[in-house]
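Coordinate analysis (summary)
Now for the letters of each chain:
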Amino acid sequence: MLTGAIVAGVVFGLYYTLVGLGLNLVFGVMRIVNLAHGDFLMLGGISAWFLFTSFGLNPFVSVGLVVVVFLLVGLPIYYLVVPRLLRSRDSEMLSLILFFGISQMIEAVTTIGLGATERSLPPRLLGVGPMVILGTRLPKAWIFSAAASAIAVLLVYLYLYRTRLGTLTRAVMVSRDEALATGIDVNFVSAVAFGISLALAGVAGVFAPFILGSITPNMGVAINITAFAVIVVGTLGNPLGTLLGGIIYGVSLMLMQTYLSSWANLLPNLLLIAVLLIRPEGILGRKTRRA
Amino acid sequence: MHKRNRIILDAGIATAVVALMGIMRGVYSNELMLFNFIMFLTLSQGLNIIYGFTGYLPFGYVGFYGAGAYGFSLVVMHLHVPAMVGMVAAGAAALVLGVILLPLLRLSGAYFAIASMAAAQAVYEIVANPDLESITKGPYGVSLSDVFAPATSYYVALAILAGTLLLVVWLRNSRFGMSLQAIRDDSVSAAMAGVSVVRGRTIAWLLSALIAGLVGGVFAWHISVFYPDTAFDLSVSIFSTVFLLFGGATTLSGPLLGVFILYGIYNIIGIAVPQYFQFTYGALIVLLVLFLPNGLVSLLTNRGIRVP
Amino acid sequence: MSPEPLLQVEGLVKRFGGFRALDGVSFHLNPGEVLGLVGPNGSGKTTCINVICGLYAPDGGSVRYAGRSIGGQKSHHLVKTGINRTFQSPKPFLSLTVRENVEVAAHNGNPRPGFDVDALLALLELDRYSGRPAAELNSAQQKTLDLARAMATEPRLLLVDELAAGLNPAELSRMADRLRALADGGMALLIVEHLMGFIDKVTDRVVVMAAGKEFFGGTLADATRDPEVIRVFLGGGHHG
């Protein structure tokens, strides 16, 4: 049972890495908290559901569409709000409030348009039957969702470390002011990072029905707490740390569900508070911020 | 303006609001709506004490409200005590939660806001857990028909509003309130001005928690049947925050204006399809942060006019 | 035997992780005396001030003030015993008025009631802005306000961290006169500064620091002739 919980935990952990990665990328590059991240994830899920029910598109196909559309939507959103936000006195705090407003708008529009009901997709879309890993039987839908997450994480890694724009992105992460002084087009670099972040949320949304069971318009808040827990555990502003945070989160969640299932919902909340209080710089972080 | 005149003006506004809400009960028949107004007038000022005066914005402010509602309900259900004893328990429950969460004050800005939200969610998960049905009734909600007293509870709510407004008037005109604002602006400079930063923040945090707890308690009393989803509904935090930010924190009149205008609009257009209102206030938040981060009153304060 | 100095720092150590920002620094300061603390960037001067005023707890050594050991005590408490400081980048209370900025310090940090805030504002030529928000002041005025905030607690020991940076020559000279006048009134001043002209004008003696410890004590004139001091400043890439 323990092995089973750990194997399932790693599989879920890969997915939760994807959930947190975009939020962390935006925080790392812009030092703002996108509190609408969970709502963009929800929109990704709604898109997958819509593309399947209306056009019969398999999620593996719709994921490509979602990436392109979300990436393109991210650019104007960035230019509309973020540069202005970053000029304010306390942009980190104000970002939280502003994106909270955006989150409310998204939730409201989705509920008005589609109603508040739960939406799900048949797991068979990602493959029929279980798969056995280390003696643990897991649904193929889980495995393929985790694999898709791993691919997305890998692509972000390649972007950051193997492309020119990615290198510039990392420079902005180190110091926005110095990057600006050296002539980097910080706004463009950030806008692309913002677009990528939304695309990652969208991808996580496409696979959300298979991992989380269903999609509802008001799921954003809970997802945000989870995503924040993942990235705080794995060090804020460090995209690679997200992988560690995601796996730790996934494994603890599965252990909770195996041994203490009725209290499992407490986990993200307690984990988040505990890490913030005990090690606010995250597991990989150096002590830089004043807690 | 002379300092004494400022205090008189502040106190006059506070008295007028309390008198208005008292008179309205005899004039207007929808008591529940008036009661909700009193709740949000009080909650947004309670939030004002912690956010306006110290800069900490607890997204999980509803946690204290829920703790108060359940503090009231648990002693009334299990110990069959009078409602006023339940109110003491409501305040105590919120204070205890406030003390437990004191370490959160070590966090700054966004971390604090999100950690407090996680804390409120955690309390909800505990209260609503089916395993605790024998104590909290779990997700099935509580019923307190024994103490149901809509008139008394209305006036108790009004008294809590009056006390809260007086507290804010005092903070705005006292040395302690000025020290709190100094801490908010820069805690290191404040320490070097001789201000005890930890003590100041702790007092503001616990006062703010106490107010939400008392409001939660009187809510439980007035409504008498409710579910954990209602007592820990994140919209309680959201509404209070939006009203406060919309009007302008640190002032007395800002949050009052925020509640009267926005909650007024909500009651006209929002009840039937709450999502229209949700969309509107979401958009309002975005516009406020971008164009008027210090609220409506900053239209005047930016021109050097002091706003009560 | 001479009486104990007002401030006696002995073998002070402060570590950040593995880095020893202060590595056994020692010096003393008497009432009415102005001591300059000079040294290359990163030599531990500001850390020294931060430890003395209680922002950091020391990891070793001792700080004695007015005959008592004060290492590790909280700032807001030390302020009331007569220690205060100014900041290299002052952070006034931006939403309060200039007068309220000073009032906060007079109310909380000055054990003696009835301090005349307006007289202090007039002395520092801030009285014109008394009712304006501190956010409207320029950076030189904010530095003066920071000094006013410290003076409102009537310190016996004032730690001054790079007051000169960013001031024009006229402001510099006025500030130097002010500090000298405070010392003449009996206040002890510890001044961290890069501008040697300012140090020369204000201080009685200097302590030269490098890598977290002092290695020269005496007058500035002697310091500038000391080969070791010259080596450290040139080797440390100093630009003051």
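Residues numbered from 1 in each chain as written. Chains lettered and ligands numbered in written order. Predicted model: local features only at pLDDT ≥ 70, side-chain atom pairs only at ≥ 80, totals over all residues.

Some words on the overall build of chain B
The helix and strand inventory of chain B stands at 15 helices and 2 strands. In terms of overall size, chain B behaves like a compact globule, its C-alpha atoms giving a radius of gyration of 19 Å where 308 residues would be expected to give roughly 19 Å. By principal-axis analysis of the C-alpha atoms, chain B measures approximately 55 × 45 × 35 Å. Out of the 308 residues in chain B, the part that is buried amounts to 57%. Considering only contacts within chain B whose residues lie at least 6 apart along the sequence, 76% involve residues at least 24 apart. (Helix = DSSP H or I, 4+ residues; strand = E, 2+ residues; numbered from the N terminus. Rg over C-alpha atoms; globule rule 2.2 N^0.38 Å. Buried ≥ 20, exposed ≤ 12 C-beta atoms within 10 Å, placed from the backbone. Contact = placed C-beta atoms within 7 Å.)

What to know about the interface of chain B and chain A
Contacts between the two partners involve 32 residues from chain B and, on the opposite side, 36 residues from chain A. Elements represented by at least two residues in the side of chain B that touches chain A include exactly α5 (109-127), α12 (234-247) and α14 (274-291) of chain B. When residues of the side of chain B that touches chain A are assigned to their parent elements, the largest contribution, 12 residues, is made by α5 of chain B. Of the residues that constitute the side of chain B that touches chain A, the class distribution is 23 nonpolar, 6 polar and 3 charged. (Nonpolar A, V, L, I, M, F, W, Y, C, P; charged D, E, K, R; others polar.)

Some words on the sheet that holds strand β2 (residues 19-29) of chain C
Strands sit in the order β2-β1-β4-β5 (chain C) across an open sheet of 4 strands; the sheet is antiparallel. The strands lining the two open edges of the sheet, one partner per strand, are β2 and β5 (68-69) of chain C. (Pairing = 2+ DSSP bridges.)

Overview of the pairing of strand β7 (residues 157-161) of chain C
All names here are of chain C. The element β7 is largely enclosed, with a buried count of 5 among its 5 residues. Pairing of strand β6 (residues 83-86) with β7 involves 4 bridges; the strand directions are parallel. Its bridge partner lying in β7, Arg85 is registered against Leu159. In this sheet, strand β8 (residues 188-192) lies alongside β7 in parallel orientation, the contact comprising 5 bridges. Counted as the bridge partner of Leu157 is Ala188 from β8.

Side note on the interface of chain C and chain B
It is common to report an interface's size as the accessible area lost on association of the parts. Contacts between the two partners involve 23 residues from chain C, matched on the other side by 16 residues from chain B. Those elements that place two or more of their residues in the side of chain C that touches chain B are α2 (75-81), β6 and α3 (98-109) of chain C. Ranked by residue count, the leading element in the side of chain C that touches chain B is α3 of chain C, at 7 residues. When its residues are assigned to classes, the side of chain C that touches chain B shows 9 nonpolar, 8 polar and 6 charged.

A short note on helix α5 (residues 139-151) of chain C
Residue and element names in this part refer to chain C. The end-to-end C-alpha separation of α5 is 18 Å, in line with the 18 Å expected for 13 residues at 1.5 Å each. Counting buried positions along α5 yields 11 of 13 residues, so the element is predominantly enclosed. Taken together, the buried positions of α5 are Gln141, Gln142, Lys143, Thr144, Leu145, Asp146, Leu147, Ala148, Arg149, Ala150 and Met151. (Expected span 1.5 Å × (residues − 1).)

Structural notes on helix α8 (residues 186-211) of chain A
Residue and element names in this part refer to chain A. Compared with the 38 Å implied by 1.5 Å per residue over 26 residues, the 36 Å span of α8 between its first and last C-alpha is a close match. At Gly205, α8 shows its strongest bend, of approximately 30°, with the proline Pro209 following within four residues. Of all 26 residues in α8, 24 are buried; the element is thus mostly enclosed. Once α8 ends, the next one or two residues include Gly213, with phi positive near 100°. (Bend = angle between axes of the 7 residues up to and from the residue.)

Some points on the sheet that holds strand β3 (residues 34-38) of chain C
Residue and element names in this part refer to chain C. Spatially, 6 strands are ordered β6-β7-β8-β3-β9-β10 in an open sheet, and the strand pairing comes out mixed. This sheet does not close on itself; its edge strands, each paired only once, are β6 and β10 (213-218). When strand polarity is set aside, the average angle formed by the axes of neighbouring strands in this sheet is 20°. Each of β3, β7 and β8 is contacted by helix α6 (residues 169-184), which is oriented at about 150° to β8, the strand it contacts most. (Axes fitted to C-alpha atoms, helices over the stretch in contact; angles between N-to-C directions.)

Things to note about unusual backbone geometry
Residues other than glycine seldom take positive phi values, yet Ser224 of chain B does so here, at roughly 65°. A tally of 20 C-beta atoms within 10 Å means that Ser224 of chain B is categorised as buried. Look at Ala66 of chain C: it is not a glycine, yet its phi comes out positive at around 50°. Positionally, Ala66 of chain C belongs in the loop between β4 (60-65) and β5. With 16 C-beta atoms packed within 10 Å, Ala66 of chain C lands in the partly exposed category.

Focus: the environment of Leu266 of chain A
Positionally, Leu266 of chain A belongs in helix α11 (residues 266-278). As a C-alpha pair, Leu266 of chain A and Leu253 of chain A span 13 residues in sequence and 9.6 Å in three-dimensional space. Beyond its immediate sequence surroundings of up to four residues, Leu266 of chain A is in contact with Ala122 and Glu125 of chain B.

Topic: the arrangement of the chains
Looking at the 2 pairs of chains with contacts, the pair that accumulates the most is chains A and B. Taking C-alpha atoms as the reference, chain A and chain C come no closer than 9 Å and do not contact one another.

Quick word on the packing of helix α3 (residues 62-79) of chain B against α5 of chain B
Residue and element names in this part refer to chain B. The N-to-C vectors of α3 and α5 enclose an angle of 30°; their axes lie 8 Å apart at closest approach. Taken together, the axes of α3 and α5 are roughly parallel relative to one another. With respect to the hand of their crossing, α3 and α5 are arranged in left-handed fashion. Contact residues: α3 offers Val62, Gly63, Gly66, Ala67 and Tyr70, while α5 offers Ala119, Ala120, Val123, Tyr124 and Val127. (Parallel < 35°, antiparallel > 145°, perpendicular 65-115°, else oblique. Left-handed = near helix turned anticlockwise from the far one by under 90°.)

Some details on the confidence of the model for chain A
Of the residues in chain A, 96% reach a pLDDT of 70 or more, and the chain-wide mean stands at 88. Every residue in residues 287-291 of chain A is under pLDDT 50, and counting partners more than four places away or in other chains gives 7 contacts. (pLDDT = per-residue confidence, 0-100.)

Some thoughts on the environment of Leu284 of chain B
Within the secondary structure layout, Leu284 of chain B lies in helix α14. For Leu284 of chain B, the contacting residues outside a window of four places in its chain are Val242 and Phe246 of chain B.

As for the confidence of the model for chain B
Detailed reading of the predicted coordinates is not advisable wherever pLDDT falls low. Averaged over all residues, the pLDDT of chain B equals 92, while 99% of them reach at least 70. At the level of chain-chain contacts, confidence expressed as ipTM amounts to 0.89, with global pTM at 0.88.

A closer look at the environment of Ser189 of chain B
Looking at the secondary structure, you find Ser189 of chain B in helix α9 (residues 187-191). In this structure Ser189 of chain B comes out as buried when scored by C-beta crowding, with 22 C-beta atoms within 10 Å.

Notes on the packing of helix α1 (residues 3-27) of chain B against helix α7 (residues 150-173) of chain B
All names here are of chain B. Two elements in contact, α1 and α7, have axes separated by 10 Å at closest approach and are oriented at 170°. Taken as axis vectors, α1 and α7 run roughly antiparallel relative to one another. Facing Arg6, Ile7, Asp10, Ala11, Ala14, Val17, Val18, Met21, Gly22 and Arg25 of α1, the residues of α7 in contact are Tyr154, Leu158, Leu161, Ala162, Leu165, Leu166, Val169, Arg172 and Asn173. Partitioning the contact of α1 with α7 into residue classes produces 13 nonpolar, 2 polar and 4 charged.

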